[in-house]
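Each chain, letter by letter, is given below.
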Amino acid sequence: LDAMLAANGLKRPADLYIANVLKCRPPGNRDPRPEEVAACEPYLMRQLELVNPEVVVVLGRFAAQSLLATDASIARMRGQVHRIEVAGRQVPVIVTYHPAYLLRTLADKSKAWADWCLAADVLDVPTVNFFETAFSEHLQSAMQNTQRVDNDSLWRFGSAVLPDGTEAAVKILRSARGLRTACA
């Protein structure tokens, strides 16, 4: 999440506010019950009124279904701009995967990136090359921790982050400024 935000020029907490549908975690980390959501909804809507967001990015199935009052799957909600009313005005809503889901399902990271790009388009914010940013951060982290930066670790990282795996990793490594010397 932080890498995708950084690629769009956003940082926590300065540029975004994170709110939860529920204000406490349900027992056993189960999905909240409808009466629990209903009890917390006024607090969430008040938070949105106070924050006055330009766009709301909803992370995960449950949050999306709750905020948009639908039972549609996340796959059906993604890739489009929804709208909710906040303090008398229509606010665009983008649905994407929850970060915990992305940690378990690496193949969907490229879909989440597309969702964040849609949010950037709604905000009219130029996006930078996320993959170049992610590789740069990976290399900087490895060098700061005095880890050996070799091709195998880059291929693993590329396969986890990039939509088309190592082929894209090779292209990015060849084109990214400053990375060629760091990887040599």
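Relevant structure appears above.
The sections below set out a description of the structure shown in this document. Keep in mind that what you see is a predicted model, and the values were worked out from it rather than measured.

### Comments concerning helix α2 (residues 34-51)
Along its 18 residues, α2 runs 25 Å from first to last C-alpha, staying within 8% of the 26 Å computed at 1.5 Å per residue. The sharpest bend along α2 measures roughly 40° and falls at Cys 40, with the proline Pro 42 sitting one to four residues further on. Along α2, the positions that sit buried rather than exposed are Val 37, Cys 40, Leu 44 and Leu 48. Packed against the buried residues of α2 are β1 (56-59), α3 (61-68) and β2 (82-86). Immediately downstream of α2, the backbone of Asn 52 shows phi near 55°, a positive value.

### Some remarks on α3
Because an α-helix completes one turn every 3.6 residues, residues spaced three or four positions apart along the sequence face the same direction. Those residues of α3 that fall on the buried side of the exposure criterion are Ala 63, Ala 64, Gln 65, Leu 67 and Leu 68. Each element contacted by the buried residues of α3 is listed here: α2, β1, α4 (74-77), β2 and β3 (89-96). Remark: Ala 69 follows α3 within two positions and exhibits a positive phi of approximately 50°.

### Overview of the pattern of salt bridges
For the coordinates displayed, the defined rule picks out five salt bridges. Among the ionic pairs, Arg 78 bridges to Asp 115, the shortest N-O distance being 2.8 Å. Of this pair, Arg 78 sits in the loop between α4 and β2 while Asp 115 is found in helix α6 (residues 109-123), placing the two residues 37 residues apart along the sequence. For Asp 115, a relative accessible area of 2% corresponds to the buried category.

### Notes on a nonpolar patch on the surface
On the surface, Tyr 17, Leu 50 and Val 51 cluster together into a nonpolar patch covering about 310 Å² of accessible area. Tracing the sequence through the fold places Val 51 in helix α2.

### Points about the layout of surface pockets
Approximately 1600 Å³ is the volume found for the largest pocket. Together, 47 residues line the largest pocket, and Ala 19, Asn 20, Leu 59, Ala 63 and His 98 are the ones closest to its centre. The class makeup of the residues in the lining of the largest pocket is 33 nonpolar, six polar and eight charged.

### Brief notes about the sheet that holds β3
Strand order in the open sheet formed by three strands is β1-β3-β2, and the pairing between neighbours is mixed. Edge positions in the open sheet fall to β1 and β2, since each of these has one partner strand only. Averaged over neighbouring strand pairs, the angle between their axes works out to 40° when direction is ignored. Together, β1, β2 and β3 form the strand contacts of α3, whose direction differs from that of β1 by roughly 130°. Of the strands in this sheet, β1 and β3 are in contact with α6, which crosses β3 at around 160°.

So, how was this worked out
Residues numbered from 1 in each chain as written. Predicted model: local features only at pLDDT ≥ 70, side-chain atom pairs only at ≥ 80, totals over all residues. Heavy atoms only, no water. Helix = DSSP H or I, 4+ residues; strand = E, 2+ residues; numbered from the N terminus. Expected span 1.5 Å × (residues − 1). Bend = angle between axes of the 7 residues up to and from the residue. Buried < 20%, exposed > 50% of the residue type's maximum accessible area, 1.4 Å probe, protein only. Contact = heavy atoms within 4.5 Å. Salt bridge = Lys/Arg side-chain N within 4 Å of Asp/Glu carboxyl O. Patch = residues over 30% accessible without salt bridge, like charges linked within 9 Å, V, L, I, M, F, W, Y side chains within 5 Å. Areas by Shrake-Rupley, 256 points an atom, 1.4 Å probe, with all protein chains shown as cover. 1 Å grid on protein atoms, 1.4 Å probe; cavity = no way out; pocket = protein on both sides within 12 Å on 5 of 7 lines; lining within 4 Å. Points joined across faces, edges and corners; volume = space filled by probe spheres on them. Nonpolar A, V, L, I, M, F, W, Y, C, P; charged D, E, K, R; others polar. Pairing = 2+ DSSP bridges. Axes fitted to C-alpha atoms, helices over the stretch in contact; angles between N-to-C directions.

Purely spatial values, then, with no claim about function.
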